[in-house]
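Descriptive structure summary
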Amino acid sequence: PASFYPMLSGIATVGRAESMLRGWLLNASRFCITPKGNFAGNDDTCYWGLPSVSADDPAFPPLGYWRGYVWGPMALLTYWGLSHEAYLDVPLVTTARAALCKQMGALFLTQWRAHRHVCENFSPWRNATECTGMRFYHWGALAGFIGLLDAGFYQRPRQEAAAFT
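Residues numbered from 1 in each chain as written. Predicted model: local features only at pLDDT ≥ 70, side-chain atom pairs only at ≥ 80, totals over all residues. Heavy atoms only, no water.

Some remarks on a nonpolar patch on the surface
A surface patch of nonpolar side chains, amounting to about 300 Å² of accessible area, comprises Leu-109, Trp-112 and Phe-136. Looking at the secondary structure, you find Leu-109 in helix H3 (residues 91-115). Note on Leu-109: relative accessible area 31%, which makes it partly exposed. (Patch = residues over 30% accessible without salt bridge, like charges linked within 9 Å, V, L, I, M, F, W, Y side chains within 5 Å. Areas by Shrake-Rupley, 256 points an atom, 1.4 Å probe, with all protein chains shown as cover. Salt bridge = Lys/Arg side-chain N within 4 Å of Asp/Glu carboxyl O. Helix = DSSP H or I, 4+ residues; strand = E, 2+ residues; numbered from the N terminus. Buried < 20%, exposed > 50% of the residue type's maximum accessible area, 1.4 Å probe, protein only.)

Structure below.
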C-alpha cells in the first residue's frame with residue numbers, strides 16, 4: 001500500500017494515479033480490491049484485499065508479521081490518498097475509494113460479528129476464522145472506520161483541517 005501514499009499529498013498526477021490503481025490496487029493478483037468491492041475474481045489467498053505486500057510478491061506467501069497481513073492504518077492511509085482533493089473528480093479514484101471502504105468494512109465486520117474482535121491485523125485469506133494479531137487492538141478498527149469517513153459520519157474540525165493545508 002505504500003505505493004499509493006504519494007497520493008496523500010496530491011503529488012501523483014491524475015494519469016499516474018489512475019495507472020497505479022489499474023495496475024496495482026484494482027488488480028486481483030496484486031492488492032485485490034475489486035472495482036465493485038464485491039471480491040469478484042479474488043483468489044482465496046488475497047480475498048479481502050490490501051495485503052501489506054502485493055500478492056504476487058515472493059514475500060507474500062509466507063505471511064510474516066508485516067508481510068501480507070491487512071492492517072487498518074495502511075487502509076486509512078490508502079483511503080486518505082484516494083480522498084485527496086486532487087482526485088475528487090476522477091471516476092476511477094472514486095470507484096477505488098468506495099471499493100476499498102466496502103472490502104475493508106466487510107473484513108472488519110466479519111471478525112466483529114463472529115468473535116467481537118477488533119484485530120491488530122487481519123489475514124487476507126478468505127477462510128481465515130480468527131485474527132492474525134492481537135484480538136482487540138485499537139488500530140484494527142480503522143479498517144471499518146474508513147467506511148464511516150466516506151459516508152460522512154465523521155469530519156475533521158475546520159480549524160484542525162486548516163492547519164494541514
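Some thoughts on the environment of Leu-82
Relative to the helices and strands, Leu-82 resides in helix H2 (residues 72-82). A relative accessible area of 1% places Leu-82 in the buried class. Residues in contact with Leu-82, not counting those within four places in the same chain, are Met-7, Leu-21, Leu-25, Val-93, Ala-96, Arg-97 and Leu-100. (Contact = heavy atoms within 4.5 Å.)

Points about the nonpolar core
By size, the foremost hydrophobic cluster in this structure holds 37 residues, and its most contacted members are Leu-25 and Met-104. Put simply, the parts of the chain that give this core at least two residues each are helix H1 (14-25), H2, H3 and helix H4 (142-150). At nine residues, the largest contribution of residues to this core is made by H3. Leave out the neighbours within four places in its chain, and Met-104 touches Ile-33, Trp-48, Gly-49, Leu-50, Val-70, Ala-75, Ala-143, Gly-144 and Ile-146. Val-53, Phe-60, Tyr-69 and Trp-71 belong to the second-largest nonpolar core, a separate cluster that totals six residues. (Core = buried A, V, L, I, M, F, W, Y, C linked by side-chain atoms within 4.5 Å.)

Some words on unusual backbone geometry
Both trends apply: most residues other than glycine have a negative phi, and most peptide bonds are in trans. In this structure, Cys-32 takes a positive phi of about 60 degrees despite not being glycine. Note that Cys-32 resides in the loop between H1 and H2. Within the chain, Arg-116 stands out as a residue other than glycine whose phi angle is a positive 60 degrees. Looking at the element boundaries, Arg-116 is found in the loop between H3 and H4.

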